Amino acid sequence: MTWSKRQHAMLAEMGLRAWDTPVSQEPDVDAAGASVAAAAGIAAAQTPVADAPVAAAATPSAVAMMDWPALREAVASCTACSLCGSRRQTVFGVGHPQAHWMVVGEAPGEEEDRRGEPFVGRSGQLLDNMLRAIGLSRHAGDVPDPARQVFIANTLKCRPPGNRSPLSEELARCEGFLMRQIELVQPRIILAMGRFAVQSLLRSTAPIGQLRGRVHRYQGVPLVVTYHPSYLLRNLTEKARAWDDLCLALDTAEAAAVHVARGA
Ligand code: URA
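Residues numbered from 1 in each chain as written. Predicted model: local features only at pLDDT ≥ 70, side-chain atom pairs only at ≥ 80, totals over all residues. Heavy atoms only, no water.

*Asks:* In this structure, what is going on with the packing of aromatic side chains? I would like to understand it.
*Replies:* Any aromatic ring pair is given by two values, namely how distant the centres are and how the planes are angled relative to each other. A complete count under the given rule lists three aromatic pairs for this structure. With 5.4 Å between their ring centres and 70° between their planes, W68 and F151 make a pair best called edge-to-face. Remark: F151 occurs in strand 2 (residues 150-154) and W68 occurs in helix 4 (residues 68-76); sequence separation between them is 83 residues. With 5.1 Å between their ring centres and 20° between their planes, Y227 and Y231 make a pair best called stacked. Owing to a relative accessible area of 8%, Y227 belongs among the buried residues under this scheme. (Phe/Tyr/Trp six-rings, centres within 6.5 Å; stacked < 30°, edge-to-face > 60°. Helix = DSSP H or I, 4+ residues; strand = E, 2+ residues; numbered from the N terminus. Buried < 20%, exposed > 50% of the residue type's maximum accessible area, 1.4 Å probe, protein only.)

*Asks:* It is not clear to me how the site of the ligand should be interpreted in this structure. Could you clarify?
*Replies:* Taken together, the residues surrounding the ligand are G105, E106, A107, P108, E112, P118, F119, S123, N154 and H228. Within the contact set of the ligand, an oxygen atom lies 2.8 Å away from a backbone nitrogen or oxygen of F119. N154 is positioned such that a nitrogen or oxygen atom in its side chain is 2.8 Å from a nitrogen atom of the ligand. In isolation the ligand offers 240 Å² of accessible surface; the protein chains occlude 92% of this area. Looking at the shell around the ligand, its residues break down into four nonpolar, four polar and two charged. (Near = heavy atom within 4 Å. Polar contact = N/O pair within 3.5 Å; in protein donor to acceptor, adjacent residues only side chain to side chain. Areas by Shrake-Rupley, 256 points an atom, 1.4 Å probe, with all protein chains shown as cover. Nonpolar A, V, L, I, M, F, W, Y, C, P; charged D, E, K, R; others polar.)

*Asks:* What's the story with the nonpolar core in this structure? I'm lost.
*Replies:* A general feature of soluble globular proteins is that nonpolar side chains tend to end up buried together. Membership of the largest hydrophobic core comes to 66 residues, with the highest contact counts inside it found for W101, M102, I190 and L201. Sort the elements by how many residues they give to this core and helix 11 (residues 239-263) lands first, with eight residues. (Core = buried A, V, L, I, M, F, W, Y, C linked by side-chain atoms within 4.5 Å.)

*Asks:* Explain the pattern of salt bridges here, please?
*Replies:* It is possible for side chains bearing opposite charge to pair when their charged atoms get close. Across all of its chains, the model carries 12 salt bridges by this definition. Between E117 and R138 there is a salt bridge, and its shortest N-O distance comes to 2.9 Å. Taken together, the positions of E117 in the loop between helix 5 (110-115) and helix 6 (122-133) and R138 in the loop between helix 6 and strand 2 put the pair 21 residues apart, joining distant regions of the chain. For E183, the salt bridge is made with R180, and the minimal N-O distance between the two is 2.7 Å. (Salt bridge = Lys/Arg side-chain N within 4 Å of Asp/Glu carboxyl O.)

So yeah, pure geometry; function would need other evidence.
Below, the structure is given as structure tokens:
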């Protein structure tokens, strides 16, 4: 494989050197993914949690109708699970509300809980480098073109204590928020990072290694699965695969843009 100057620059942004694998493949749209994703409706968000304090929790049908300010307010005041008792603040998400790209991660960590923004710690720096490598940014000021803008959200809006993994009850309580965010942003491509994003969006517990490398769909939106940045920080050799995933997502987004332009 011969690498262009641009590709070398992208790899350097991710802290990688060129290696001998093909960069991009034809997007393999997984039609079966659509039916799995269709099951991921707002209604599924309300698995009852026996001892959860639900008093200030918005109902799923109310969340499904909310506009952006109402949704922000509902997240900020949510007490649907016990995480509300240990958080400093909720972490709604960041980016342009009409970004063409949506990145879905897991849950806020300590730094995110302190600053109220997703992916601002070490894994966030890697994520920003990965996005920059393909010309994308969470900061609309960096890239005026919505096709290059990213909205970043998590499956959970509150930090699990000690950065433990999200519990399924917490995911169930919170997922209506993420689903409404996706409906409002209307992204052209979703990058699902890590197993909890995949569980919420694809209803799959299959390993990332089995799901990556092809295009799934969430409510009709193309979705590419990749490793979580914090996993990549611990497993440097997997960065090469994450790079392939980014290229697949970029190819898919560009193909969708051409399709829209031709159809218009
Ligand atoms: N990991 C995530 O999944 N999300 C964050 O916001 C921070 C770390």
